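# A closer look at the structure
Spelled out, the chains give:
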Amino acid sequence: MALLEYKCPNCGGALGFDTSVQELACPYCKSVVNTETLRGLDDALEQNQEPESVDWGYTGGCWKEGEQDKMAVYSCKSCGGEIVGDETLGATSCPFCGNAVVMTSKFSGTLRPDLVLPFKLDKKAAVAALHKHYLGKRLLPKVFKDQNHLEEIKGVYVPFWLFDADAEARTEYSAAKVRVWSDSRYNYRKVSTYRVRREGGIGFDAIPVDGSKSIDDALMESVEPFRLGEAVPFQTAYLAGFFANKYDVDAEQSMARATERVANSAVAAFRETVTGYQTVTPIGANVRVTKGGVRYALLPVWLLSTRYEGENYLFAMNGQTGKLVGDMPLDKGLYRAWLLKMFGIPAAVLSILAQVIVSLLT
Amino acid sequence: MKKILFTALFLALLPFGAFAAERPPRFIDEVGLLTEAQASELTRKLDEISERHRFDTVAAVVPSLDDREARLFAIDFFEEHGFGYGENLDGAILLLAVEERDYGFAGYGFALEAFTDAGQRYLEKLFLPHLREDDYYEAFLAFADGVDDFVAKAKRGEPYDVGNIPLTPGEVVTARLIAGGAAILLPLITALVILTVWKRQLTSVRKDDFARAYLREGSMVLTSRRDDFLYSHVNRTRRAETSGGGGSFRSSSGRSSTGRSGKY
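Residues numbered from 1 in each chain as written. Chains lettered and ligands numbered in written order. Predicted model: local features only at pLDDT ≥ 70, side-chain atom pairs only at ≥ 80, totals over all residues.

### Quick notes on the overall build of chain B
Of regular secondary structure, chain B possesses seven helices and seven strands. For chain B, the α and β elements follow one another from N to C terminus as α-β-α-β-α-β-β-α-α-α-α-β-β-β. Expressed as a percentage of its 264 residues, the buried residues of chain B come to 32%. Nonlocal contacts in chain B, meaning residues at least 24 apart in sequence, comprise 63% of its contacts between residues at least 6 apart. (Helix = DSSP H or I, 4+ residues; strand = E, 2+ residues; numbered from the N terminus. Buried ≥ 20, exposed ≤ 12 C-beta atoms within 10 Å, placed from the backbone. Contact = placed C-beta atoms within 7 Å.)

What follows is the structure, given as structure tokens:
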């Protein structure tokens, strides 16, 4: 399996992508290396790649059938340490020497992403965002907040499919205008019912759909939107220092979700043109994608995980915009205490006051 | 001298005594709703109130109104039977027509002062609940007590009107229940709404079923826009009335009177 490591041309240390300067930087001698100049270096290194697998001569136990199907083994070029990962692993750091390594074979040929959106925010920003996320959450267990034992923080380039779509929409609504008036004896309510139709075209650019099975789709949709105008042509150099996966959900499988989001958005957009009615109920919609395009991109996400009372809690932060999401535990004791404070005490006081006021009025 | 005084007193009382003898009792029951004992007790009470206030207080039960408004029927009935004190015919009547379950309250003379519109609505609250339960005797007793109270208040220059209408015992219970319920529900709903908002703050992972952020600017084009009228429907509901029509009106004889009509 081909591995790519970026070595500092000054001291030979392992380079990593620095989000603050948006270039590769050496953590040892602080040298900054232009990513553009490394394009050529990518090619040179790829030409000098060693065979994908190394025979270490070990003749021990055998894997059972199927056990290795989703497993891949790599050797670190710096220290020779063996890195075991799943077959989608595209970039990681060596657990022995800490060097950033990129499995270039995961991003070559037809697997090569079209775009990469470089990380704009670093690990410190992710931790700060998590602390900010905790603020103002009155029902969050204090222990969860205080202990703050983050088990893992990693920057991951998540594989996404970006769908461009032009669609034609035909939508139909039942709408009603209501007029109310009265005379001396009766109240009147006139309901006029209309059938409203809207037809037209609508276009979307780069709707992202998560191409990784191992990452929750809802989590990825929650950190959206990504400003994809800032995406650049893919270079492996951007992956240095981060984790990266290749897709394991292909474009065809992802298309359904993109189409669903296009249809929902088209119906909602055309609904906004139906005005002047008191009620509007959608009764039919036909959205047809007439022209589409798909690109493969790696988008930056910080994943932060922690454990509380035996449960895993995973947070994700958009590595470009800093939007952080993640479900948190509820402190049931705090909930009951607040319920007592906000309901029990005021109810007791108000009950007495109410009876006193009624007595005074009668 | 004593003989002259006695004769003068006898002569002075003679017209009233003769009138009292000709006039029908103050409770007239053409249907036989009450027992004899009840009718007798009610008549005694009505007589006592009427004479004490010099304000004829009458109760009557008839089979039907012959398509007339209840209060108009009541005041004509009052006048035709010779009720009413003085030239203004001071007095009031509560008349029931049992076939259609109508009631009419009406009064002449001092009744126009004693029974304001708001006061009449309060008087209704005193006897109407008994009528609705077909407890006619209690309804008439409540009416008689009400008239006693109303006339006494009006004579003191403080007729029941907006601002001094007391709550009925039933209304006091209702007010206590509503106030108690509100005192519990208000903080409960407030607490639950706030806690729900706080609970929702802990959940931020949600699918986004839309793609608004990726809508291409200026790409939306409407090629067809139709709003076709299908049909309309008018729903008419009678405006709410507290019970029956009320206020000043004229009797068949042209006298100014006050009263209310309604169903029980």
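Next comes the rest of the description.
### With respect to the interface of chain A and chain B
If you look at the interface, chain A gives 61 residues, while chain B gives 56 residues. Those elements that provide at least two residues to the side of chain A that touches chain B are strand 10 (186-210), helix 4 (217-222), helix 5 (251-271) and helix 6 (332-361) of chain A. Ranked by residues supplied to the side of chain A that touches chain B, first place goes to strand 10 of chain A with 22 residues. The residue inventory of the side of chain A that touches chain B, partitioned by class, reads 31 nonpolar, 15 polar and 15 charged. (Nonpolar A, V, L, I, M, F, W, Y, C, P; charged D, E, K, R; others polar.)

### Quick word on the packing of helix 6 of chain A against helix 7 (residues 169-201) of chain B
Viewed as axis vectors pointing N to C, helix 6 of chain A and helix 7 of chain B meet at an angle of 160°, and their least axial separation amounts to 8 Å. The orientation of helix 6 of chain A relative to helix 7 of chain B falls into the category roughly antiparallel. Crossing of helix 6 of chain A over helix 7 of chain B shows right-handed handedness. When its residues are assigned to classes, the contact of helix 6 of chain A with helix 7 of chain B shows 22 nonpolar, four polar and one charged. (Axes fitted to C-alpha atoms, helices over the stretch in contact; angles between N-to-C directions. Parallel < 35°, antiparallel > 145°, perpendicular 65-115°, else oblique. Left-handed = near helix turned anticlockwise from the far one by under 90°.)

### Details of the pairing of strand 6 (residues 89-93) of chain A
Residues and elements named next belong to chain A. Counting buried residues in strand 6 gives four out of five residues, a clear majority hidden from the surface. For strand 6 and strand 12 (residues 243-245), the ladder comprises two bridges, and the chain directions are antiparallel. From the neighbouring strand, alanine 91 faces strand 12, where its bridge partner is alanine 244. (Pairing = 2+ DSSP bridges.)

### What about the sheet that holds strand 3 (residues 32-33) of chain A?
Residues and elements named next belong to chain A. If you trace the three strands from one edge of the open sheet to the other, you get 1-2-3, paired in antiparallel fashion. Of all strands in the sheet, those with a lone pairing partner are strand 1 (16-18) and strand 3, marking the two edges. Relative to strand 2 (residues 23-25), strand 1 runs antiparallel, the two sharing three bridges. Bridging from a neighbouring strand, glycine 16 pairs with alanine 25 of strand 2.

Function-wise, these values are silent; they only describe arrangement.
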